[in-house]
Amino acid sequence: MSETTSSTSTEPDVRTVFRTCPLCEAGCGLEITLKGDRVTRIRGDRDDVFSHGFICPKGSTLRQLHEDPDRLRKPLVKRGGVHVEVEWDEAWQVVRDGIAGIIDRHGRESIAVYQGNPSAHSLSAMTFGRTLSQAVGTRQHYSASTVDQMPRQVAAAYVFGTAVSVPVPDLDRTDYLMILGGNPYASNGSLCTAPDFPGRIEAMRARGGKLVVVDPRRSRTAEEADEWLPIRPGADALFLMALVNVLFADGLADPGERVAALLDGVEELRELSVEFTPAAVAPAVGIDAATIRRMAHELAEAPTATVYGRIGTTTTEFGTTASWLVDAVNILTGNLDRIGGAMFAMPVAGGASTRGPSGTGKEFRIGRGHSRVSHRPEVMGEYPAAALAEEILVADAGGEGAGRVRALVTVAGNPVLSTPNSGQLDIALADLEFMVSVDIYLNETTRHASVILPPPSQLQRSHYDLLLLQFAVRNVANYSPAPLPLDPGQPDEWEILAKLALLFHGAEADADPSTADEMAIGSLVHHAVSDPSSPVHGRDPDELLATLSANGRHGPERMLDLMLRTGPFGDGFGAVPGGASLDLLLEHPHGMDFGALEPRLPEILRTPSGRIELAHPVLAADVPRLAEAMDRLAGQTMVLVGRRHLRSNNSWMHNIEVLVKGTPRCTLQVHPDDAVDHGLVHGGYAAVTSRVGRIEAVVEVTDAIRPGVVSLPHGWGHSMPGARLRVASERAGVNSNVLTDHEALDPLSGTSVLNGIPVTLVAVG
Ligand SMILES: Nc1nc2c(c(=O)[nH]1)N[C@H]1C(S)=C(S)[C@@H](COP(=O)(O)OP(=O)(O)OC[C@H]3O[C@@H](n4cnc5c(=O)[nH]c(N)nc54)[C@H](O)[C@@H]3O)O[C@H]1N2
Ligand SMILES: Nc1nc2c(c(=O)[nH]1)N[C@H]1C(S)=C(S)[C@@H](COP(=O)(O)OP(=O)(O)OC[C@H]3O[C@@H](n4cnc5c(=O)[nH]c(N)nc54)[C@H](O)[C@@H]3O)O[C@H]1N2
Ligand code: SF4
Ligand SMILES: [Mo]
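Residues numbered from 1 in each chain as written. Chains lettered and ligands numbered in written order. Predicted model: local features only at pLDDT ≥ 70, side-chain atom pairs only at ≥ 80, totals over all residues. Heavy atoms only, no water.

Engineer: Would you explain the site of ligand 1 in this entry?
Structural biologist: Every one of the 30 residues lining ligand 1 counts as a neighbour, but Tyr114, Asn117, Ser418, Asp439 and Ser651 are closest to it. In the environment of ligand 1, an oxygen atom lies 2.5 Å from a nitrogen or oxygen atom belonging to the backbone of asparagine 117. Within the side chain of arginine 461, an N or O atom sits 2.7 Å from an oxygen atom of ligand 1. A total of 920 Å² of accessible area belongs to ligand 1 in isolation, and the protein chains cover 98% of it. Across the shell around ligand 1, the residue classes tally to 13 nonpolar, 12 polar and five charged. Built from parts of two domains, the shell around ligand 1 gets at least three residues from each of domain 2 (76–145 + 370–596) and domain 4 (637–764). (Near = heavy atom within 4 Å. Polar contact = N/O pair within 3.5 Å; in protein donor to acceptor, adjacent residues only side chain to side chain. Areas by Shrake-Rupley, 256 points an atom, 1.4 Å probe, with all protein chains shown as cover. Nonpolar A, V, L, I, M, F, W, Y, C, P; charged D, E, K, R; others polar. Domains from an automatic or database assignment.)

Listed below in structure tokens is the structure:
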């Protein structure tokens, strides 16, 4: 820890450390002042190479999170329906016996694993999550990906070859940004890692650039935009296809020489787009034909432009198709892989887009197995989160896959609030025989757990965002050691995951997590030396292992060091003096900037053809479904969409007083015309009913939403018995996912439709 400690005060015991915020994708640098082991201040790190001092209101609350009396410090075991605190040894024994019992009675296929969003930002979970899920030995894998970005990844995998070859807007250099279904003024951006996203947008506008926001709501981002297009929910793929239609029809399609030489499927895409004229789609999309046409022209004619789609495009019935068409528009307007357009990051710690033979790869396929009850295809090793409840509840079903799910492991997930038809999932979890949760709270989901194993607080852990730096708008690397020490006896998060893995392998309760650590690093080193494309190909694995383990380095740090040193900027274990390594990052507590994005075609491609699949057969085959949806969308009446608020973070930061105080945020936004039609009044209550559920929400009448659309944020509904969230339960709100339908999925990715849910509204007294 001493390596990044700088004393900024003459007061004894006061020191300043730097830590990247792990709460969202922006990854802002924090400057943390400590007196002894107490945090006295957190503010933005002005010297951070990426965030330059920016933070949002959540960043400084890592202190409140650390000090929250409801945050679990010791494991909880459920006895007689009540969670009681126990010592770690006792908890591990209960876990060991529970696992052994389940495997004995029902086999491994009866155990499901659900990984939630914070695990994507956790160095521990990104390095040991896979160790755990492999050890469980089940096909029953679920995660928040299928209520989030999976469609974007599937589209990238078909078009470019890997699920992480997702082009990101070159925010700092573009002249024109069109955002569909994203609200970075609230979310700080997603699949586009850019601390101070709003500041970057303002800089673009200051240099004469244009911002267009396509959103059924006039979001904060739309307020700031030059133009707001209030699209009908679920219609983005049609809107984008119409842009493609105009680009071809008006002779604007010009990918540029370099990209054109790599493109397959241009003619097929042109043919597919023929029927989707602006006039044909306008009634369904809710944007007039002239505007659609003008948008296509503006995108093609801007010096540089980039289209960016996020949650409002992915969590819809055409999530994958919309994501593909985002790429298609960027390609046809000549903006793919060029400065100011949509570019690919070059992750410093490497990743699927930097490994293996460059320019070609294996075919991406889904459907290696199907879920037992609804026969949903596997996607990237997972079944849809929306299918978890039925896999628990339905006793007997035909189809592939062995038994019914009888046990569950959750890691950093709160699916009872975050996944569709959560009323049903709540019932299902109560029906499990055994459940282990790795989580910091006793909340809506973990109240069902037989055992809760709490990791240390965010401030007691080191950080490097292995996943999200793969989607950054600059090539940046930022490692932070843990600012605070562990509590006595508290295992680190990776140790919890590693030990769980060992127990699933049949080890006893006193197993040493370092056994799993040694196995995991051994296998990573072995892979590296046998990969012909790795800079350490052919080297002696023992020598590399010894180098990595110098000074007792182990766990995630040792793995990260390997990834950095064999990554695209790495030192190659001596081959490239001065190249990236963990030691180098430790010398740079404010992060290291490896420069602006640079063109990566054709090297980034991993498609079997080595080409960009602009009309991949799987994607092309979805187009008839899109055409069929037009009439239905045009006739759509009342639908529900979500939204995010800057001071909230999915379902789990509502126990922080400073974030939730003030005006209640869990309100149902209703257009004034709809309020009149339904007899709803501002501040009154509306009963909202969908196919699967009913809730009563406080009405907020506002013209910042399209007529025929209502909006409720997700992640609320903290009034469930058995949870321990004192602050959150006082401002419980209602759970919007009681209304979202577990049967409504994007069939190409298994991702839930969370936006555009048909609902009816009735005023209640
Ligand atoms: N209707 C609707 N539903 C949505 C969305 C929407 O837009 N609309 N958005 C979806 C999206 S994008 C996402 S990502 C999902 C999120 O869905 P989930 O990931 O299932 O839920 P979260 O609310 O992020 O809950 C995170 C859990 O992790 C715990 N936790 C926090 N930090 C840590 C940690 O460091 N370690 C561990 N082990 N646990 C930790 C918290 O206590 C909490 O239980 O929700 C989805 N649900
Ligand atoms: N403050 C805060 N920040 C967060 C989070 C949080 O909960 N709070 N969550 C984090 C996570 S896990 C994620 S994945 C990201 C998500 O980041 P974003 O994608 O930016 O998420 P939202 O802010 O929900 O913005 C989605 C927008 O889509 C609009 N929308 C709804 N339906 C449609 C539609 O059919 N078409 C179009 N075009 N728009 C539609 C909504 O009105 C909303 O304005 O945010 C991350 N950052
Ligand atoms: S924007 Fe995200 S990363 Fe930055 S301070 Fe806020 S929560 Fe943390
Ligand atoms: Mo998310």
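Having seen the structure, we can now continue with the description.
Engineer: Would you take a moment to explain the pairing of strand E3 (residues 38–44) for this structure?
Structural biologist: Looking along a regular strand, one sees side chains alternate from face to face of the sheet. In this sheet, E3 lies alongside strand E2 (residues 29–35) in antiparallel orientation, the contact comprising six bridges. Among the inter-strand pairings, leucine 30 is bridged to a residue of E3, identified as glycine 44. In sequence, E2 turns back onto E3 through a hairpin of two residues, with glycine 36 there showing a positive phi of about 60°. (Pairing = 2+ DSSP bridges. Helix = DSSP H or I, 4+ residues; strand = E, 2+ residues; numbered from the N terminus.)

Engineer: Sorry, what's going on with the site of ligand 3 here?
Structural biologist: Inspection of the region around ligand 3 gives Cys21, Leu23, Cys24, Ala26, Gly27, Cys28, Ile55, Cys56, Lys58, Gly59 and Asn188 as its neighbouring residues. Among the residues forming the shell around ligand 3, the class breakdown is seven nonpolar, three polar and one charged.

Engineer: Got a minute to help me understand the domain arrangement of the protein chain in this structure?
Structural biologist: A common way to state how big an interface is: give the accessible area lost once the parts meet. Domain annotation of the protein chain identifies domain 1 (3–67), domain 2 (76–145 + 370–596), domain 3 (170–349 + 601–625) and domain 4 (637–764). On a C-alpha basis, the centres of domain 1 and domain 2 stand 26 Å from each other. With 25 residues of domain 1 in contact, the opposing surface of domain 2 contributes 27 residues. Counting each side, the surface lost to burial between domain 1 and domain 2 is near 2300 Å², with a carbon and sulfur contribution of 66%. Three residues stand out in domain 1 for area buried against domain 2, namely Arg19, Val49 and Phe50, and they jointly supply 28% of the buried area on that side. At the junction of domain 1 and domain 2, the tally comes to zero salt bridges. In this assembly, domain 1 and domain 2 are joined by eight residue pairs in polar contact (both at pLDDT 80 or more). Breaking the side of domain 1 that touches domain 2 down by element, the ones donating at least two residues are strand E1 (14–20), E2 and helix H1 (62–67). Sort the elements by how many residues they give to the side of domain 1 that touches domain 2 and E1 lands first, with five residues. (Contact = heavy atoms within 4.5 Å. Buried area = accessible area lost by both parts, 1.4 Å probe. Salt bridge = Lys/Arg side-chain N within 4 Å of Asp/Glu carboxyl O.)

Engineer: Whenever I open this one, the sheet that holds strand E9 (residues 176–180) confuses me. Can you help?
Structural biologist: In a beta sheet, neighbouring strands are held together by backbone hydrogen bonds and run either parallel or antiparallel to one another. Across the sheet, four strands lie side by side as E11-E10-E9-E13; this open sheet has parallel pairing. Single-partner strands in this sheet number two, and they are strand E11 (227–229) and strand E13 (306–309). For this sheet the average axis-to-axis angle between neighbouring strands, irrespective of direction, equals 15°. Sheet analysis places E9 next to strand E10 (residues 210–214), joined by five bridges and oriented parallel. (Axes fitted to C-alpha atoms, helices over the stretch in contact; angles between N-to-C directions.)

Engineer: Explanation requested: the pattern of salt bridges in the structure shown.
Structural biologist: When their charged atoms lie close together, side chains carrying opposite charge are able to pair. One pass over the structure, following the stated rule, counts 52 salt bridges. Among the ionic pairs, aspartate 337 bridges to arginine 258, the shortest N-O distance being 2.9 Å. Taken together, the residues aspartate 337 in the loop between helix H14 (319–332) and strand E14 (342–343) and arginine 258 in helix H9 (residues 257–260) connect sequence positions 79 residues apart. For aspartate 337, a relative accessible area of 0% translates into the label buried. Using a relative accessible area of 39% as the deciding quantity, one classes arginine 258 as partly exposed. Here arginine 694 and glutamate 696 are joined by a salt bridge, their closest N and O atoms 3.0 Å apart. By relative accessible area, which is 36% here, glutamate 696 ends up partly exposed. Beyond isolated ion pairs, a larger network of salt bridges with shared partners links Arg105, Arg404, Arg406, Asp431 and Glu433. (Buried < 20%, exposed > 50% of the residue type's maximum accessible area, 1.4 Å probe, protein only.)

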